[in-house]
Amino acid sequence: MLSGHIRYGHLRRVLQSVRGIRPLSTRALANPKEEYSEQPEYPPIQDLSYKAKKKREAEAWHERIKQLSSVEEKLFEINMPKYYGYKANMITDQKFPYNVLPFAQYATRTHLESELPEGVYKQLNEQAKSLLNELRGELEDVIGFEMSGYSHSELEDEKLSFEQREELQTTALLKGINRILINALAPQYSHLNEVEVDHEPRHEAFWFLGGTPPPPNLRKLKEGIDWQRPYANDPVDRKIQYLGKPYLAIRHKLPLEPITVEPLEALNVQTDGISIPEFRYDPNVLGYHTEHRHATTVPGFWPGDQHEFGLVSFQRRSHSIIRPAYCAVNDLQEALHAQGILSSYAWLLGQACYQGFSTFNELTYPLSAQTVITDGKNWSFYVYQMNTTLVHSDQVDINPRYNRCWGTKELQLFDHVDETGKIHGLNEDVLCHLISFYCNVPKAREGVELKPYLCKTETRIADILEEKRRVFMEDSYKRIASNRPRHRLVPEIYQWEKIYKVDHKTRPMEPKRRPFELGQDMYRRRMDEHALKYIPRAVRPGGPKSKPRFEATYYPNVRR
């Protein structure tokens, strides 16, 4: 008899062999030293409750996303569970309702601080004051020329609204200011020679927000099932989709330096005395409607662009024009703070996803961005540092990390501009803040691996050597990112069916052919659950009667 304790691996093989015992001749004799140990090794005891099993399934999915090779495959895998897309709350840069600031802070786990951070920005502001004397004349000329009320060719259209006219005028002003600052500062700040300027780029971000109560229909459904009744009031994840289109966005190959120097592991909401508002309500109460769409995360460019990190973005504030119409209280400053938080978080989340992170996979280093909100006359400046992306499920309560945002109050660039283009009451502080944003030099991160969760050889789909897999994934990802409607409409229950078949059941003799009559969940369908594309006989590689008869699919799979 052998001494010691039987190992767990040997016990598992014994149990597996019970299902189909192989002959002795086909089995290798076990080595006693490998099968037995001095100390007992037991399998982990798992919690078999419903919540624990669902949590393990979610963690396995999050780990699968982390192990995928390329950026596009990670973003595509987030869409895999929903063939018709997620039911997401749509947040845009054109709508910031009353009391939106607590929601913006809770949804992004952000601590808001007044004024720009001390230290590096104090030094940058001093440099900007010395540079302003050289740039003052050119900046005054472009401001006076664009804001004096002259007519662009586009402004001659009488059908344009006041909001559209303001955006056209602000766009022209920002283009002129950006051109002057880059040309004048580039000899002294060489990083401006390497920037990429995007005009009205596509800034989109998707993330899961936990801690919100379940919708009434889901609560009612669980209350009608005996074993689900105890979980009827459990919080659920809300899907947040941000859509934005700034005036300008400037990108660089290197990231901005973090504002705070402490390591991410040292951040803690409790010990740092940070207070983040709780907004545990359905975003619908603020007026953010829901829409079935695919999750899209696009920071203004496609994966593979060398200029992957943001320097400055100029956001619209057209919502301030119509704000008094639906807000009885003047809370424009809170709305601007909320816009600075949401736009900065969404832009940085897109950049983080292109580095291999996601709403489920945590950052290993902080990312920073600078945001300007303006209509040409009124300016607001924000600096944002992203330290965490985990706000889903219970992470919204137990995650010790938090993001930080520094913002100024609304500043007025000038009092007015007369018909001759002369500026009255120019505020130099606004120009100093703007120049300091351009003077902030991006630097390489020493000893930091920027893409720890991406494959070394397949960082993006274009790096895939296998042609069929590359073409398939490229087409599938771009179709998801475009959010084009499918060739078949999303299934729905028509009003007459709800009245006569669901609520009152007055048509018992009619054949049951619709999915809801057959007990099928119309929305519970994965991206890979579809009919395969048929290969006509005339074009089959092996001849008319050869196989396969259907084209192969190459959905994301762990390959490293």
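In the block above lies the structure referred to throughout.
Presented here is a report on the structure given in the accompanying data block. The shown structure was predicted, so the numbers you read here are calculated from the model rather than taken from an experiment. (Residues numbered from 1 in each chain as written. Predicted model: local features only at pLDDT ≥ 70, side-chain atom pairs only at ≥ 80, totals over all residues. Heavy atoms only, no water.)

As for the side chain of R469
Working step 1: Within the secondary structure, R469 is located in helix 13 (residues 467-482).
Working step 2: Accessibility expressed as a relative area gives 3% for R469, which makes it buried.
Working step 3: A distance of 3.2 Å separates a polar atom in the side chain of R469 from a polar atom in the side chain of E73.
Working step 4: Dropping the residues within four chain positions of it, R469 is found in contact with E73, E458, I464, Y554 and R559. (Helix = DSSP H or I, 4+ residues; strand = E, 2+ residues; numbered from the N terminus. Buried < 20%, exposed > 50% of the residue type's maximum accessible area, 1.4 Å probe, protein only. Polar contact = N/O pair within 3.5 Å; in protein donor to acceptor, adjacent residues only side chain to side chain. Contact = heavy atoms within 4.5 Å.)

So, the packing of aromatic side chains
Remark: the centre distance and the inter-plane angle together describe each pair of aromatic rings, the angle taken between the planes.
Working step 1: In this structure the tally under the stated criterion is 23 aromatic pairs.
Working step 2: Ring centres of F381 and F437 lie 5.6 Å apart, and the angle between their planes is 85 degrees; this geometry places the pair in the edge-to-face category. Linking F381 in strand 13 (residues 378-386) with F437 in helix 12 (residues 428-439), this pair joins segments that are 56 residues apart in sequence. Pair check on accessibility: F381 and F437 agree, each one buried.
Working step 3: Against the face of Y247 rests R316, its NZ or CZ located 4.6 Å from the ring centre.
Working step 4: Its end group placed over the ring of W302, K478 keeps NZ or CZ at 5.0 Å from the ring centre. (Phe/Tyr/Trp six-rings, centres within 6.5 Å; stacked < 30°, edge-to-face > 60°. Lys NZ or Arg CZ within 6 Å of the ring centre and 35° of its normal.)

Here we look at unusual backbone geometry
Working step 1: Residue P548 is bonded to the preceding K547 through a cis peptide linkage, with omega at 5 degrees.
Working step 2: Here P548 is to be found in the segment after helix 14 (495-503).
Working step 3: Despite not being glycine, N483 has its phi angle at roughly 60 degrees, a positive value.
Working step 4: Mapped onto the elements of the fold, N483 is located in the loop between helix 13 and helix 14.
Working step 5: Judged by relative accessible area, N483 falls into the partly exposed class, the value being 22%.
Working step 6: The residue K505 is not glycine, and still its phi comes out positive at about 50 degrees.
Working step 7: Position of K505 among the secondary structure elements: in the segment after helix 14.

Some details on the pairing of strand 8 (residues 248-252)
Working step 1: Burial within strand 8 is extensive, with five of its five residues counted as buried.
Working step 2: Alternating residues of strand 8 divide into L248, I250 and H252 and A249 and R251, and every residue in both groups is buried.
Working step 3: The sheet contact formed by strand 8 and strand 11 (residues 309-315) spans five bridges and is antiparallel. By the bridge assignment for strand 11, I250 is matched with V312. (Pairing = 2+ DSSP bridges.)

With respect to helix 4 (residues 71-79)
Working step 1: For helix 4, a buried count of nine out of nine residues is recorded, marking the element as mostly surrounded by other parts of the structure.
Working step 2: Buried within helix 4 we find V71, E72, E73, K74, L75, F76, E77, I78 and N79.
Working step 3: Summarising the contacts, the buried residues of helix 4 are in contact with helix 3 (50-67), strand 3 (86-92), strand 6 (203-212), helix 10 (332-354) and helix 13.

Some details on the environment of L342
Working step 1: Tracing the backbone shows L342 in helix 10.
Working step 2: Along the primary structure L342 and Q105 are separated by 237 residues, whereas in three dimensions their C-alpha atoms are 8.3 Å apart.
Working step 3: Ignoring sequence-local partners within four residues, the contact set of L342 consists of I91, F96, A104, T108 and Y242.

Comments concerning a nonpolar patch on the surface
Working step 1: Judged by side-chain polarity, Y494, W496, I499 and Y500 come together as a nonpolar surface patch covering roughly 400 Å² of accessible area.
Working step 2: You can see W496 is positioned in helix 14.
Working step 3: The exposure class assigned to W496 is partly exposed, which follows from its relative accessible area of 37%. (Patch = residues over 30% accessible without salt bridge, like charges linked within 9 Å, V, L, I, M, F, W, Y side chains within 5 Å. Areas by Shrake-Rupley, 256 points an atom, 1.4 Å probe, with all protein chains shown as cover. Salt bridge = Lys/Arg side-chain N within 4 Å of Asp/Glu carboxyl O.)

Concerning the pattern of salt bridges
Working step 1: Tallied over the entire structure, the rule returns 33 salt bridges.
Working step 2: Ionic pairing is found between K443 and E257, a salt bridge with its closest N-O pair at 4.0 Å. Of this pair, K443 sits in the loop between helix 12 and helix 13 while E257 sits in the loop between strand 8 and strand 9 (290-293), and the two are 186 residues apart along the sequence.
Working step 3: Of the residues examined, K443 reaches a relative accessible area of 41% and is grouped as partly exposed.
Working step 4: Each of K501, R507, E510 and E517 takes part in salt bridges that share partners, so that together they form one network.

Some details on the sheet that holds strand 3
Working step 1: Taken in spatial order, the five strands of this open sheet run 9-3-7-6-10, and their pairing is mixed. The open sheet has two edge strands, strand 9 and strand 10 (298-299), and neither has a second partner.
Working step 2: Here strand 6 pairs with strand 10 via two bridges, running antiparallel. Note that in strand 10 the partner of H203 across the bridge is P299.

Limitation: the analysis is restricted to geometry and does not speak to function.
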